[in-house]
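Below are the chains, spelled out letter by letter.
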Amino acid sequence: MMRTLFLGILSPSLARAPRHAQLDRRYVMKQLRLLALIIFFGSSVHAEVTRPECTAFASDLAAMVQADQALRSRWDMGAQAQAQYGSERPRVVQQTEVIDRQNTENLKRLIKTCGWPKRSVYGAGAVNDAWLLAQHADHDRKFQRTVLTHLQSAVAAGEAPGGQLAYLADRVAVGEGKPQLYGTQLDSKGPCQMDFFPFDDRAKVEERRRAVGLPPLEEYKRLVQENVLPQSCSAK
């Protein structure tokens, strides 16, 4: 099985080391803040009437993300490189897989009932939470592709940021062994080395990134490495 490291949101089913959790936790806690204008925008909610069964949509999403992050925060951030390729995954990683599957099924149910959350109705937090949960649904590519369709419509309507579409599109592409379109996904090449998963034409990738407000590839890679790699790497 391919060992895959996705920027920001780790796929536990493909993980081989708790150290990789840095990409998940620090992305959510730091990288989103660095790219706040891309991934998270505004908190105002339009006074649009929602269906009675959807009044708890945002809080349900938040609860699922809380469970998601509670487990990922327990991953051993200081694991040594030799553990990265161990044959057995730590128990907390296995527990995370279970939560991811449960969250995915719950997210499917909510979307079937309420549709993809709109920023103008449920707020930017709900939009971001739904996207984050979809990022963690690597065990269900079909569902992730369905979410991509929802996101395309949401971005076109101004109800979701283009950066979310970019990250999920690349995540699905890399998971399927295809070139990424936006260059958002990086792989660990060693304790202090990261590089992009394959993408198509670099100039086109840079153009797509500009269109959704993402920084240039090299600047982005530097930001990722600064926030993900151990501090000891900066001294090398």
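Everything below is about the structure shown above.
Read on for an overview of the structure. (Residues numbered from 1 in each chain as written. Predicted model: local features only at pLDDT ≥ 70, side-chain atom pairs only at ≥ 80, totals over all residues. Heavy atoms only, no water.)

### Quick notes on the packing of aromatic side chains
Tallied over the entire structure, the rule returns 4 aromatic pairs. Between the aromatic rings of Trp-131 and Tyr-167, the centroid separation amounts to 6.2 Å while the plane-to-plane angle is 75°, which identifies the pairing as edge-to-face. Pair noted here: Trp-131 is in helix H7 (residues 124–135) and Tyr-167 is in helix H9 (residues 162–175), with a separation of 36 residues, a long-range link. Here Trp-131 matches Tyr-167 in class, with each residue buried. Arranged with centres 5.7 Å apart and planes meeting at 65°, the rings of Phe-196 and Phe-199 form a pair that is edge-to-face. Take Phe-196: its relative accessible area is 11%, and that puts it in the buried class. One aromatic cluster in this structure is built from Trp-131, Tyr-167 and Tyr-220. (Phe/Tyr/Trp six-rings, centres within 6.5 Å; stacked < 30°, edge-to-face > 60°. Helix = DSSP H or I, 4+ residues; strand = E, 2+ residues; numbered from the N terminus. Buried < 20%, exposed > 50% of the residue type's maximum accessible area, 1.4 Å probe, protein only.)

### A look at the environment of Pro-179
For Pro-179, the location among the structural elements is in the loop between H9 and strand E1 (186–190). Owing to a relative accessible area of 45%, Pro-179 belongs among the partly exposed residues under this scheme. For the pair Pro-179 and Phe-197, spaced 18 residues apart in sequence, the C-alpha to C-alpha distance is 7.5 Å. When near neighbours in sequence (up to four residues on either side) are disregarded, Pro-179 contacts Ala-173, Pro-198, Phe-199 and Asp-200. (Contact = heavy atoms within 4.5 Å.)

### Brief notes about the pattern of salt bridges
Across all of its chains, the model carries 13 salt bridges by this definition. For the salt bridge of Lys-108 with Glu-105, the shortest nitrogen-to-oxygen distance reads 3.4 Å. With Lys-108 and Glu-105 both in helix H5 (residues 91–114), this residue pair falls 3 residues apart, about one helical turn. Of the charged contacts in the structure, one is a salt bridge between Asp-140 and Lys-108, with a shortest N-O distance of 2.5 Å. Of this pair, Asp-140 sits in the loop between H7 and helix H8 (141–156) while Lys-108 is found in helix H5, placing the two residues 32 residues apart along the sequence. Note on Asp-140: relative accessible area 15%, which makes it buried. (Salt bridge = Lys/Arg side-chain N within 4 Å of Asp/Glu carboxyl O.)

### Some words on the nonpolar core
By size, the foremost hydrophobic cluster in this structure holds 44 residues, and its most contacted members are Leu-61, Leu-107, Trp-116, Tyr-122, Val-147, Leu-151 and Leu-168. Contributing elements (two or more residues each) for this core: helix H3 (57–72), H5, helix H6 (119–122), H7, H8, H9, strand E2 (193–196) and helix H11 (217–228). At 7 residues, the largest contribution of residues to this core is made by H7. Excluding anything up to four places from it in sequence, Trp-116 contacts Ile-111, Ala-130, Trp-131, Val-147, His-150, Leu-151 and Ala-154. Counting residues in hydrophobic clusters, the runner-up holds 5 residues, among them Leu-71, Trp-75, Val-92 and Ile-99. (Core = buried A, V, L, I, M, F, W, Y, C linked by side-chain atoms within 4.5 Å.)

### A short note on the state of the cysteines
In total, this model carries 1 disulfide according to the counting rule given. Linked covalently through their sulfurs, Cys-54 and Cys-114 form a disulfide whose S-S length is 2.0 Å. On the sign convention where negative means left-handed, the S-S torsion of about -100° between Cys-54 and Cys-114 marks this disulfide as left-handed. Of this pair, Cys-54 sits in the loop between helix H2 (36–39) and H3 while Cys-114 sits in helix H5, and the two are 60 residues apart along the sequence. Summarising the burial analysis for this pair, Cys-54 and Cys-114 share the class buried. (Disulfide = S-S within 2.5 Å.)

### Digging into H8
Spanning 16 residues, H8 covers 23 Å between terminal C-alpha atoms, matching the ideal 22 Å at 1.5 Å per step. Residues Arg-141, Phe-143, Gln-144, Val-147, Leu-148, Leu-151 and Ala-154 constitute the buried set of H8. All buried residues of H8 fall inside an arc of 150° around its axis, so they share one side. Exposed side of H8, more than 90 degrees from the buried face: Lys-142 and Ala-156 are the residues found there. Buried residues along H8 sit in contact with H5, H7 and H9. With its phi angle positive at about 75°, Gly-158 sits one or two positions after the end of H8. (Expected span 1.5 Å × (residues − 1). Arc of directions from axis to C-beta.)

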